[in-house]
Structure formats: C-alpha cells, structure tokens
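# Report on the structure
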Amino acid sequence: MNVIMSTLNAKYIHTNLAIRYIKAYAAPEFSIEMAEYTIKDPAMNIVTDLYRRNPDVIGFSCYIWNIEETIQVMKMLKKINPDLILFAGGPEITYDVKEWLERVPEIDFIIIGEGEAAVKNLLFEIQGSKQYENLDGIAFVKEDGTFVMKPQREKLNLNEIPSPYRFPEDIPHLGKRIAYIETSRGCPFSCQFCLSSIEVGVRYFDRERIKDDIRYLMQHGARVIKFVDRTFNISRSYAMDMFQFLIDEHIPGTVFQFEITADIMRPEVIDFLNKQAPPGLFRFEIGVQSTNDRTNELVMRRQNFEKLTRTVTMVKDGQKIDQHLDLIAGLPEEDYHSFKKTFNDVFAMRPEELQLGFLKMLRGTGLRLRAKDHNYVYMNHAPYEILGNNVLPFDDIIRIKQVEDVLEKYWNAHRMDYTLEYLVTEVFETPFDLFQDFGSHWDEQGWARIGHQLEDLFKRLYQFLEEKNVPQLPVIKDLMKVDYLRNHKYKPRKPWWDERIDKQNLTSYYQAIAEQPALLGEDFAALGLSDKDLHKHTIIESISFDFTHFIQHGEIVENASVVLVYFNPKTLQCELYGARKDAFSHLPSVS
Ligand code: SF4
C-alpha cells in the first residue's frame, strides 16, 4: 500500500513535525512517503505531483493557514481517482468534525487529536479488515450515511514515539529551513482563545533523547532550531538543564527560539543566561496579549504584568537574547483605548520585536463557544479573524491594523532605531500615537498598495513629519540620515536628502582627517585608512547635534558635528565616527 503524508506549509522555510511523527510511528509496518508544499504552490502543481507518486492513501495535516488550499487539493484528487483514500488531521480539523465531513465529503476519515497511533491503526484497517468502528481518535461517515466519531481514548506515552528528526531525506534541507523540536506536549494554562488550553496536563519527552536529537540536527546542518513547546519554562529544572546543554554543546551560529511565559521566569535563571549564554544563541517569544486585568480575567489568563516586566527588562539589560513580544487586539472588553494602553505598556519595555495580532476565533476554543457573550463577529473561514465585538467596532480594527503596518515596517525592521526612539520620547505623546498617526497617514496616501524601497521608508516618514509641522524636524532629519547610513553594508550611491557638504568643505575635511585621524577618535585612527580607502569607503555628513555625546548618552545636545561613516569592505559592517565641528575650525576653508 502506497501511503503519503502531506501538508502545505505557510513558507518554504517551515517544516511540518506532525507528518514526520506519523511516518516514524507507522514504521516499520508502513513505509510512508512525505510530500510537503507551500500554500503559494498552485493546486494543480500539488495535485500533479501527488498523483505521479501513485498513492493509495494520502493524509493531510491541516491548520488555519492551509485548510482552504488543502480542501481544493483534496477535491481535485478525489475527482481524478475516486478510489484514493483521503484522511485529514491537525488542529484545524480536529474540532467540529461533523461539519467538516459534511462540507468536504471527499475526506474519508478525520483523525481526532494526536495522530501517531490513530493513523497507524487506521492504516492497518485500510489494509486489513476495514473495521473502522473499532478505532479510536477517528471520525467518518459510514456507507449508510451514519456519522461515527470516536475520540482519542488515551494520551500517548511520548517516550514510545520514535524520533521524527532523523529522516535521511531531510538532511539536505536542514540548513535552509527552520528545524522544529518538541520537548513537551500540553500547557497547564487555560487561556480561552488558545487551542493549547483544551488539552489537560503537560507530558515530557525524555530529556537525554531530545538532547541527542538536537545534537543530530546541529551536526547535520540545522542552524535555526525552534522549540514548539507551548511554554518552555514551566519546569524550571527542565528548562535550566536544557539551557545549560545548549550553551555547552551548541555549534556556533546556531539560534534556538523558545516560547516562554515571562512572569514565571525566576530572576536566577535570567542571571544565569545573562552571564553564560553567548549573544544571539537564544531568542524568546513572549505572549503578553493584554495588560488589561479585566480582559485577562475574562479569558482566564493568569498573568502578573509586574513580574513579566521584570523578566523582559532583565533579559533586555543582559543584551544577550532578542525578545519578540506578542499582543492580541480584540480580546473581550479590550476596546481601542484599552488596547492603546496595552500597546504603550508593552512598548515601554522596548522589545526588539512587537507583534500585533488580531484575535482569531479558533474552532474548539472557549472564546468561540461563548462568542455571543461579547457580540463577536468573525470570518466564517480560516483564520476566523474577528471583525468586531461589543467594544471594538470594525472601524477601530482598521485603525489598529494601520498601527500594525507601520510598526512592522519601521520598529520591527529596525531601520530607524535612533529616529523612532526620539519620536516616541520627544515628539509624540505616546508611542501608540506615533504609529497610529503615521499609520493612518500611510493608509490615506495609498502607500499600502504600492511597494517601497529603503529610501521610500525614509522619504515617507519625513514627508509625514513635515506635513505635521513637527518643530524638531532638523534634528529628526539628522537622526534619519544617521539611521539611513548605518543601514548599509556598502557606501550608498545617492542618499535621499539633498543638502550635502559642498565639495570644497568636503575636500578640507578629508584632508584634515587624513592628516590627523585622531580627530575622530583613537578607534578611528587605529583603522589606519589610506586616502583611497577614505574616498572609496566612507561618507561624511554634517549634523546639528553632538554625535559623540548622543552615542554615549542617547541625548541630543545642540552642537554641530561631523559624522564619518566607514563601510568596512571586509566585515560588511558600517562603523560611525564623529567629532564636533569646532575641532575642525582651524581649517580655513570649512564654513
Ligand atoms: S496562550 Fe500560551 S499560556 Fe495560554 S493556554 Fe495557550 S499556550 Fe498556554
């Protein structure tokens, strides 16, 4: 029997762990072939490829990001070969199974819950006596039209599941994709918008076995390894042991990403990480969702924001671990103003990335079941994003989307860190106000519909600030120049601003710097740049504030400076050096 496990990933770099678990568990009795595509692949190409593999049975792993595309593929396959047996599983299809079987009659079986044992047992029945009613973790419609649903009876012992990480066919792709690792299943918390709240209890895989799998993945080229555990740090001893192992045995250049619950993280653990972890080895994803207590109560989310802030701040101060914080707009009783507060509370911690998500009413979750309590309206189809509720009309959702758009392009992309910091502290009343005003302007200008290059991002922000008549515009423009230049690996051909140092002054500066490089500090002098290097790999700009003071103290003090940016051709990094203009005042030609 020829069996394929397939899925449509959101992007090529993603990999699907579920089909690998099922393949590993089904062996040695069944030799399952894996076929992964992306949601961008045309359905015709996917169907052609699957058809050519000549399958008897195909299983699809379904999620909110792929369900609609997967349905198209299943319908086409069944038309071509009505005898082909199709089954589907995964979080998107595990709930409301009757509805799914009615909507997509091409699906022969739905796998409910964990798939490993259920799929293997199903394959035995397909190959053997076809007594499907004896199976657990499955739903289907009998020939006489009767609907049968048998939930999973017992959770699997995770240590009986063979490793899904070691298939030879994965090795060529390991360095190019994200490798996912699972050390536990389940989450002890009950957040009512989240699928993980439904399963009771947390089960762990054997630690030493997981360590061996991680060693294997690293040895075979994996460089981005993401832990899919819902809350990696529930057990402090487990997390500490794993952190220590990764610090001790990682191959340089590897990055490990974790979803952590910040308010339960002990300061000793962060102290340890701040001291022991190499910079860039770990990255934390932290769901904050909302700082509104009433909202958190309504979704049964226990969260101590003070402790969360302590953790995020300590990690940030340690400068070793990048943090990605998530918010959800649209939770119960979180209106526009309350969301603005949530945003500002979280932005105050200056996370490296802040992601605004919009509530999705996932099948099976408590919030979806009680949607009427808060007058939720949401999309009928995946991803079931909300379109409004009793306190957040669609107009406000549009406004928050405008914030999200520019937040992604500017803050999360780190293209203007100096400028944004100045804008959110010195110019706008709150960070949210900056992103809202600018986001609305962006939308009104129709920029959301056209592409942009780095220059455009600078020009558009500048245009917006100019139209707003922001009094600090000259300083902001200088900060934008510095941000623009430090975003380059190579000397840019033509910067986006017009006013430049005139030729004569520029020659004088270069002459002075060549003769006396220490004018720009000892570090610059130590570079020993030749005349040729200076002209080929540097740019000189004049700005209105004391650059050195700004870099050291983050403070703007009016005092004209000269900034030299060196685009180091060896490291492909740019380095910035500055001096006050009066250091050059002895030059007769400098005005
Ligand atoms: S949101 Fe996070 S903490 Fe809450 S139930 Fe889901 S996985 Fe657990």
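Reading the values: rules and limits
- Residues numbered from 1 in each chain as written.
- Predicted model: local features only at pLDDT ≥ 70, side-chain atom pairs only at ≥ 80, totals over all residues.
- Heavy atoms only, no water.
- Helix = DSSP H or I, 4+ residues; strand = E, 2+ residues; numbered from the N terminus.
- Buried < 20%, exposed > 50% of the residue type's maximum accessible area, 1.4 Å probe, protein only.
- Lys, Arg positive; Asp, Glu negative; His and termini not counted.
- Charge placed at Lys NZ, Arg CZ, Asp CG, Glu CD.
- Pairing = 2+ DSSP bridges.
- Axes fitted to C-alpha atoms, helices over the stretch in contact; angles between N-to-C directions.
- Parallel < 35°, antiparallel > 145°, perpendicular 65-115°, else oblique.
- Left-handed = near helix turned anticlockwise from the far one by under 90°.
- Contact = heavy atoms within 4.5 Å.
- Nonpolar A, V, L, I, M, F, W, Y, C, P; charged D, E, K, R; others polar.
- Core = buried A, V, L, I, M, F, W, Y, C linked by side-chain atoms within 4.5 Å.
- Polar contact = N/O pair within 3.5 Å; in protein donor to acceptor, adjacent residues only side chain to side chain.
- Patch = residues over 30% accessible without salt bridge, like charges linked within 9 Å, V, L, I, M, F, W, Y side chains within 5 Å.
- Areas by Shrake-Rupley, 256 points an atom, 1.4 Å probe, with all protein chains shown as cover.
- Salt bridge = Lys/Arg side-chain N within 4 Å of Asp/Glu carboxyl O.
- Domains from an automatic or database assignment.
- Right-handed = clockwise from strand over helix to strand, strands pointing away.
- Phe/Tyr/Trp six-rings, centres within 6.5 Å; stacked < 30°, edge-to-face > 60°.
- Lys NZ or Arg CZ within 6 Å of the ring centre and 35° of its normal.

### Some remarks on the overall build of the chain
- The secondary structure content of the chain amounts to 21 helices and 20 strands.
- Taking the principal axes of its C-alpha atoms as reference, the chain extends roughly 100 × 55 × 50 Å.
- Among the 591 residues that make up the chain, the fraction classed as buried is 52%.
- Charged side chains in the chain number 70 positive and 88 negative. The centres of these two groups are separated by 3 Å.

### Re the environment of Ile328
- Structurally, the position occupied by Ile328 is in strand β14 (residues 322–329).
- According to the relative accessible area criterion, Ile328 is buried, its value standing at 13%.
- On a C-alpha basis, the gap between Ile328 and Leu369 in space is 19 Å, while along the polypeptide they are 41 residues apart.

### Topic: the sheet that holds β14
- Strand order in the open sheet formed by six strands is β8-β11-β12-β13-β14-β15, and the pairing between neighbours is parallel. Edge positions in the open sheet fall to β8 (178–181) and β15 (353–358), since each of these has one partner strand only. Neighbour-to-neighbour, the strand axes of this sheet turn through a mean angle of 25 degrees, independent of strand direction.
- Direction of pairing for strand β13 (residues 282–289) relative to β14: parallel, over a ladder of six bridges. Bridging across to β14, Phe284 finds its partner in Gln323.

### Side note on the packing of helix α11 (residues 336–347) against helix α13 (residues 394–412)
- Running from N to C, α11 and α13 point in directions that differ by 20 degrees, and their axes come no closer than 11 Å. With respect to their mutual orientation, α11 and α13 come out roughly parallel. Two packed elements cross with a definite hand, and for α11 against α13 that hand is right-handed. Along its contact with α11, which presents Tyr336, Phe339, Phe343 and Phe347, the element α13 presents Asp396, Arg399, Ile400, Val403, Leu407 and Trp411.
- For the contact of α11 with α13, the class distribution of residues is eight nonpolar, no polar and two charged.

### Regarding the nonpolar core
- With 150 residues, the main nonpolar core has Ile214, Phe243, Phe282 and Phe284 as its most contacted residues.
- In terms of residue count, the dominant contributor to this core is helix α17 (residues 473–486) (eight residues).
- Once residues within four sequence positions are removed from consideration, Phe243 is found in contact with Phe232, Phe258, Met265, Val269, Phe272, Leu273, Phe282 and Phe284.

### What to know about the side chain of Gln303
- Residue position: Gln303 is located in the loop between α9 (293–298) and α10 (305–318).
- The class of Gln303 is buried, set by a relative accessible area of 18%.
- Polar contacts involving the side chain of Gln303 include one to the main-chain carbonyl oxygen of Val288, which spans 3.0 Å.
- In terms of polar contacts, Gln303 uses its side chain to reach the side chain of Arg301, at 3.0 Å.
- Sequence-distant contacts of Gln303, that is, excluding residues within four places in its chain, are made with Asp263, Gly287, Val288, Ser290, Asn296 and Leu308.

### Regarding a nonpolar patch on the surface
- Taken together, Val377, Leu387, Phe394 and Ile398 make up a surface patch of nonpolar side chains, about 320 Å² in accessible area.
- Tracing the chain through its elements places Leu387 in strand β17 (residues 386–388).

### Overview of the packing of helix α16 (residues 454–467) against α17
- Their axes nearest at 11 Å, the elements α16 and α17 cross at an angle of 170 degrees. Here α16 is positioned roughly antiparallel relative to α17, judged by the angle of their axes. Residues Leu454, Glu455, Phe458, Leu461, Tyr462, Leu465 and Glu466 of α16 form the contact with α17, whose own contacting residues are Leu473, Ile476, Lys477, Met480, Asp483 and Tyr484.
- Here the contact of α16 with α17 is composed, by residue class, of nine nonpolar, no polar and four charged.

### Some words on the domain arrangement of the chain
- Entries for the chain in the domain assignment read domain 1 (3–150), domain 2 (165–386) and domain 3 (503–584).
- Here the C-alpha centre of domain 3 lies 62 Å away from the C-alpha centre of domain 1.

### Description of the pairing of β14
- With six of its eight residues buried, β14 lies for the most part within the structure.
- In terms of strand pairing, β14 meets β15 through six bridges, oriented parallel. Bridged to Leu325 within β15 is Leu354.
- Between the parallel pair β14 and β15, the chain is carried across by α11, and the sense of this crossover is right-handed.

### What to know about the environment of Glu92
- By the element assignment, Glu92 lies in the loop between β4 (85–89) and α4 (97–103).
- Between the C-alpha atoms of Glu92 and Trp65, which are 27 residues apart in sequence, the distance is 9.1 Å.
- Residue contacts for Glu92: discarding those within four places in its chain leaves Cys62, Tyr63, Ile64, Ile67, Trp100, Arg363, Ala382 and Tyr384.
- In this structure the side chain of Glu92 is engaged in a polar contact, spanning 2.3 Å, whose partner is the side chain of Tyr384.

### Regarding the packing of aromatic side chains
- According to the stated counting rule, one finds 39 aromatic pairs in the structure shown.
- Judged by centre distance (5.3 Å) and plane angle (85 degrees), the rings of Trp442 and Trp447 are edge-to-face.
- On the basis of relative accessibility, which here comes to 1%, the residue Trp442 falls in the buried class.
- Trp447 sits in the buried class, given a relative accessible area of 8%.
- Ring-pair connections join several aromatic residues into one group, and the members of that group are Phe227, Phe232, Phe243, Phe256, Phe258, Phe282 and Phe284.
- Geometry around Tyr418 places Arg486 over its ring, the cationic atom sitting 3.7 Å from the centre.

### Section: the sheet that holds strand β7 (residues 147–150)
- Taken in spatial order, the seven strands line up as β2-β1-β3-β4-β5-β6-β7 in an open sheet, and their pairing is mixed. Each of the sheet's edge strands pairs with one partner strand only, and the pair in question is β2 (33–38) and β7. Strand-to-strand, the axes of this sheet are offset by a mean angle of 20 degrees, without reference to chain direction.
- Note that β4 and strand β5 (residues 109–111) share two bridges and pair parallel. Of the residues in β5, the one forming a bridge with Phe87 is Phe109.
- Its contacts with the sheet place helix α3 (residues 67–80) against β1 (3–9), β3 (57–61) and β4, and it is angled at close to 170 degrees to β3.
- Across the sheet, helix α5 (residues 116–127) lies against β1, β3, β4, β5 and β6 (138–141), angled at about 155 degrees from β5, the strand it touches most.

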